[in-house]
Amino acid sequence: MHTMTAEPSPASGLLFVGARAAVIAPDHDCCVVDLDTCADETARQCADVLYGTGGLRLANRLLSRYPGCLFVLLHGGGSRCIAVVRTGARVTTTVRCDRAPHGGDQSLLASLLHAWLAALLPLEWLASAVFLCAGRTYRFATSSSGIRTGSG
């Protein structure tokens, strides 16, 4: 995963789905761009995943503006992030930890979701998944009633 960010990210996380566990490490074939620290338009155009701070309206605009982007992962404050996939599906992550996250491991979470989608695994299976990363526990909820974009 090519991450363009000033923040260091964890080296790996542990994903549990049912009785199975897997170590998730950054995918070097996935280009992830931090919207909050990288204003380089060329990098954004090449991104497989864009992540940063914002809400659903921003996700819709970004997916329309960057047609090569598979999904946008946004941290809206508190302990939730939402990924909006080009198909319109949404994946909400809820974080349980001692302190509210401020995005330090969003690149690894983006890598996890990218690998999941690239493997063509059903998003519904994420509902039974737990991801442990940097002392945080992530649980997922999915929705197919997400926003739709005109391209993709």
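Residues numbered from 1 in each chain as written. Predicted model: local features only at pLDDT ≥ 70, side-chain atom pairs only at ≥ 80, totals over all residues. Heavy atoms only, no water.

This brings us to the confidence of the model for the chain. Per-chain confidence: the chain averages 79 in pLDDT, with 81% of residues scoring 70 or above. By mean pLDDT, the top-scoring element of the chain is helix H1 (residues 41-46) (94), and the lowest-scoring one is strand E1 (residues 2-4) (42). This model gives residues 1-8 a pLDDT under 50, and the stretch forms 31 contacts once residues within four places in sequence are excluded. Low pLDDT (under 50) marks residues 146-152, which in the prediction has 19 contacts with non-local residues, meaning those over four places away or in another chain. (pLDDT = per-residue confidence, 0-100. Helix = DSSP H or I, 4+ residues; strand = E, 2+ residues; numbered from the N terminus. Contact = heavy atoms within 4.5 Å.)

Attention now moves to the pairing of strand E5 (residues 49-53). For E5, the buried fraction is high: 4 of the 5 residues fall into the buried class. Here 3 bridges tie strand E4 (residues 31-34) to E5, and the two strands are oriented parallel to one another. Bridge pairing links Val 33 to Leu 50 in E5. For the handedness criterion, the β-α-β arrangement of E4, H1 and E5 is classed as right-handed. Pairing of E5 with strand E6 (residues 71-75), which is carried by 5 bridges, proceeds in the parallel orientation. Note on E6: the bridge partner recorded for Leu 50 is Val 72. What joins E5 to E6 is helix H2 (residues 56-65), and the crossover it makes is right-handed. (Buried < 20%, exposed > 50% of the residue type's maximum accessible area, 1.4 Å probe, protein only. Pairing = 2+ DSSP bridges. Right-handed = clockwise from strand over helix to strand, strands pointing away.)

Per the stated rule, a full pass over the model turns up 0 disulfides. Here Cys 30 stays unpaired: no disulfide links it, and the sulfur of Cys 31, its closest cysteine neighbor, is 7.3 Å away. (Disulfide = S-S within 2.5 Å.)

Here we come to helix H3 (residues 106-118). Between the first and last C-alpha of H3 there are 18 Å, a value that for 13 residues agrees with the 18 Å anticipated at 1.5 Å per step. The buried fraction of H3 is high, at 11 of 13 residues. Two residues or fewer after H3 comes Leu 120, characterised by a positive phi angle close to 60°. (Expected span 1.5 Å × (residues − 1).)

A word on the packing of aromatic side chains. In this structure the tally under the stated criterion is 1 aromatic pair. Taking the centre distance of 5.8 Å and the plane angle of 45° together, the rings of Phe 131 and Tyr 138 count as tilted. The class of Tyr 138 is buried, set by a relative accessible area of 2%. (Phe/Tyr/Trp six-rings, centres within 6.5 Å; stacked < 30°, edge-to-face > 60°.)

Time to look at the environment of Gly 77. When you line up the elements, Gly 77 lands in the loop between E6 and strand E7 (80-85). On the accessibility criterion, Gly 77 (36% relative accessible area) is partly exposed. When the C-alpha atoms of Gly 77 and Gly 54 are compared, they prove to be 8.4 Å apart, with 23 residues separating the residues in sequence.

With respect to the element layout, Arg 139 can be found in strand E10 (residues 136-143). Between the alpha carbons of Arg 139 and Arg 80 there is a distance of 9.8 Å; along the sequence they are 59 residues apart.

Before going further, it helps to examine H2. Those residues of H2 lying buried are Ala 59, Leu 62 and Leu 63. Viewed along the axis of H2, the buried residues span an arc of 95°, placing them on a single side of the element. Residues Arg 57, Arg 61 and Arg 65 are exposed on H2 and point more than 90 degrees away from its buried face. Tucked inside the fold, the buried residues of H2 contact E5, E6 and E7. (Arc of directions from axis to C-beta.)

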